[in-house]
Amino acid sequence: MYAQMVKSTGKGLVAREDMSFEDRAFQDRIDAGEKIEPKDYMPDGYRRNLIRQIGQHAHSEIVGQLPEGNWITRAPTLERKANLLAKVQDEAGHGLYLYCAAETLGVSRDEMTEMLLDGRMKYSSIFNYPTLTWADMGAVGWLVDGAAIMNQVPLQRTSYGPYARAMVRICKEESFHQRQGFHIMMAMVNGTADQKRMAQDALNRFWYPALMMFGPSDKDSVHSAQSMAWRIKMNTNDELRQKFVDETVPQAEYLGLTIPDDDLQWNEDTGHYDFTEPDWAEFFEVISGNGPCNVDRLNARQKAWDDGAWVREAMVAHAEKKAARKQAAE
Ligand code: BYC
């Protein structure tokens, strides 16, 4: 039901016999595990879907700098400040690799930014939640980067070469991010009673938003079937969410923290934890623009875009001057 509320270019799977000759040959390359490179033939839908996913991913990295950047000046020690600064800078780098990967598909970074600002493109729901205390820096690193790694490690094997290669470096850096978050949580839970309470409060607020990062449940996912057939996505949303829960629960236990889900329990038969699904109505509200920080986040991106206009204009003017000088010399 919710999937209908989502603005989407998603289409049903095309049966092999209904594919054009080129599309069938393309699907054979995908099925054989070959990488698709920018100048290779690709169906329009593959290109559009990749631009959508990589572009949204890039925007998420850039918008993702905002909730953490907010804490750089308030980090409790010089070491924590240096670590957080490095992490936030890494996110900028991730955004740039991903914009470059999307550009190989024939869309410019400026066009993608315009689409973000006018609502045609999304960014991850998680960044529409506020970071209220220093413990949130721990929870974001541990849970948000932890969820990002779970989603992104398989994307290193995605079918589109430039995307897969960008993911290799991104995943290495995300591991450092996850550890720095867990390290902050360790310090908080081993600190005073108030600090431990702050850590628990951060976990309480970030648990469900982190589970939402994997996208709607499989029955409401519009893109999964086609994206998996094209190996743009390697796993379903629910598979990765389950994997994240299974790996994170023991980490919470190690920290002495309680996952805010009374029904969470190990299921001997399935070999997985049973857990309560996120509130999907909240998720769809957030991705429709009505989360706690959506307006602030987009205003910040709009301001950065407006403030940077003179740089973009100066670069174009410089390139034009250089080209004119070269032409005059010839
Ligand atoms: N937030 O058909 P579905 C990070 C949208 S941040 C917002 O299942 P798909 C990091 C979806 O776009 C992590 N929207 O979609 C950075 C679609 O709407 P449209 C970023 C969401 O694409 C800084 C609709 O819901 N990672 O790394 O098959 C600091 C239906 O969904 C979300 C990536 O982007 C969401 N959570 O699956 C720390 C990874 N979920 O587009 C960390 C790459 C769904 O039709 N992306 N929607 O209007 C993916 O793997 C997939 O795009 C998703 C969603 C699993 C996210």
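Above this text is the structure in question.
Computed from a predicted model, the values in this text were never measured in an experiment. The numbers attached to residues start from 1 for each chain and follow its sequence in the written order. With pLDDT at 70 or above as the cut-off, local features in this predicted model cover only qualifying residues; side-chain atom pairs require 80 or more to be listed or tallied, and sums for whole chains, interfaces and linings still use all residues. With hydrogens and water set aside, each side-chain value is computed from the structure's full complement of heavy atoms.

Peer 1: So what's going on with the packing of helix H6 (residues 135–152) against helix H8 (residues 193–212)? Residues and values would help.
Peer 2: Angles shown run from 0 to 180 degrees and are taken between the N-to-C directions of axes, each axis being a line fitted to C-alpha atoms and, for helices, limited to the stretch in contact. By the criteria applied, helices consist of DSSP H or I runs no shorter than four residues and strands consist of E runs no shorter than two, each listed in order from the N terminus. At a closest axis distance of 9 Å, the pairing of H6 and H8 adopts a crossing angle of 30 degrees. The orientation of H6 relative to H8 falls into the category roughly parallel. Helix-helix and strand crossings are classified by hand; for H6 and H8 the assignment is right-handed. Between H6 and H8, the residues in contact are Ala135, Asp136, Ala139, Val140, Trp142, Leu143, Val144 and Ala147 and Met198, Ala199, Ala202, Leu203, Arg205, Phe206, Trp207 and Ala210, respectively. When an angle is under 35 degrees it counts as roughly parallel; over 145 it counts as roughly antiparallel; between 65 and 115 it counts as roughly perpendicular; any other value is oblique. Helix crossings are classified by the rotation of the near helix relative to the far one: an anticlockwise turn of less than a right angle makes the crossing left-handed, while a clockwise turn makes it right-handed. The contact definition used throughout considers only heavy atoms, calling two residues in contact when any of these lie within 4.5 Å.

Peer 1: Before we move on, could you go through the packing of helix H2 (residues 44–63) against helix H4 (residues 78–103) and cite the residues and values that matter?
Peer 2: Between H2 and H4, the least distance of the axes is 8 Å, while the angle of their chain directions is 160 degrees. In this view, H2 runs roughly antiparallel relative to H4, as classed from their interaxial angle. Judged by the twist between their axes, the crossing of H2 over H4 is left-handed. Contact residues: Ile54, His57, Ala58, His59, Glu61 and Ile62 in H2; Glu91, Ala92, His94, Gly95, Leu98, Tyr99, Ala101 and Ala102 in H4. Classes in brief: Ala, Val, Leu, Ile, Met, Phe, Trp, Tyr, Cys and Pro nonpolar; Asp, Glu, Lys and Arg charged; the others, Gly included, polar. Looking at the contact of H2 with H4, its residues break down into eight nonpolar, four polar and two charged.

Peer 1: Tell me about the packing of aromatic side chains, and please be specific about residues and values.
Peer 2: Think of it this way: a Phe, Tyr or Trp ring, Trp meaning its six-membered ring, pairs with another when their centres are within 6.5 Å, and the plane angle makes it stacked under 30 degrees, edge-to-face over 60, tilted otherwise. Throughout the structure, instances matching the rule amount to eleven aromatic pairs. The interplanar angle of 70 degrees and the centroid separation of 4.8 Å between the aromatic rings of Phe26 and Tyr46 together place this pair among those described as edge-to-face. You can see Phe26 sitting in helix H1 (residues 21–31) and its partner Tyr46 sitting in helix H2, a full 20 residues away along the chain. Each of the two residues, Phe26 as well as Tyr46, counts as buried. Relative to Phe284, the ring of Phe283 lies with its centre 5.0 Å away and its plane at 80 degrees, an arrangement referred to as edge-to-face. Here's how the labels work: a residue is buried when its accessible area is under 20% of the maximum for its type, exposed when over 50%, partly exposed in between, all with a 1.4 Å probe on protein chains only.

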